[in-house]
Amino acid sequence: MGKPVSPDQVAVLIGIPRAEAVRLLQRLPSADLDDEGNLTGMGLTLRPTPHELKLDDRTLFTWCALDALLFPFILGKPAHIESPSPVTGNGVRLQVTPEELVSVEPGSAVMSLVTPETIEEVRGAFCSKVHFFSSPEAASKWLRDNPEAVV
């Protein structure tokens, strides 16, 4: 965790030829690939996004607010999450463990969700609409332009 995965590593891990691993990585919808074709993320990424996730001594990023809550559970590690409200820019900070949400600052923070018609391109259809907001009032401003979402 915390380093790009090369096509060579993918090939070895899943037992396929390198050329097939390259094609597979290029076909993965929404995969973060660097200029050399290395996998840098799928939901959890090395590329900066608004959703910063600190695990152990590493800073990683997630594609959306919900991912930031799910990856500590999936990885079995406590985490600190920081994400700016897309309306106010005010930071929302959360402490989570694999079992629970420990703290939320500000206490008025909320999260948006959508139910996309298709998830072929999950990052655009879902993740681009799932954010933390510093308050329901801040979220209501965003909801006016995003009526398909709920908070």
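Note: the structure precedes this text.
What you are looking at is a predicted structure, and each value in this text was computed from that prediction instead of being measured.

(A) Quick look at the pairing of strand E8 (residues 101-105). Direction of pairing for strand E7 (residues 91-96) relative to E8: antiparallel, over a ladder of 4 bridges. Residue pairing for E8: Leu94 is matched across the bridge by Val104. In this antiparallel pair of consecutive strands, E7 and E8, the connection spans 4 residues.

(B) Examining the pattern of salt bridges more closely. Across all of its chains, the model carries 5 salt bridges by this definition. Note that Arg18 and Asp8 form a salt bridge whose closest N and O atoms lie 2.6 Å from each other. A residue pair is termed long-range when its members are at least 10 positions apart, and Arg18 in helix H2 (residues 18-27) and Asp8 in helix H1 (residues 7-14) qualify at 10 residues. Taking relative accessible area as the criterion, Asp8 reaches 41% and is therefore assigned partly exposed. Between Glu105 and Arg93 there is a salt bridge whose closest N-O contact spans 3.6 Å. Placement of the pair is Glu105 in strand E8 and Arg93 in strand E7, with a sequence separation of 12 residues. Judged by its relative accessible area of 29%, Arg93 falls in the partly exposed class.

(C) Summary view of the state of the cysteines. Tallied over the entire structure, the rule returns 0 disulfides. Here Cys64 stays free of any disulfide, with the sulfur of Cys127 as its closest cysteine sulfur at 3.7 Å. In this structure Cys64 comes out as buried when scored by relative accessible area, which is 0%. Look at Cys127 and you get buried, because its relative accessible area is 4%.

Calculation criteria
- Residues numbered from 1 in each chain as written.
- Predicted model: local features only at pLDDT ≥ 70, side-chain atom pairs only at ≥ 80, totals over all residues.
- Heavy atoms only, no water.
- Pairing = 2+ DSSP bridges.
- Helix = DSSP H or I, 4+ residues; strand = E, 2+ residues; numbered from the N terminus.
- Salt bridge = Lys/Arg side-chain N within 4 Å of Asp/Glu carboxyl O.
- Buried < 20%, exposed > 50% of the residue type's maximum accessible area, 1.4 Å probe, protein only.
- Disulfide = S-S within 2.5 Å.

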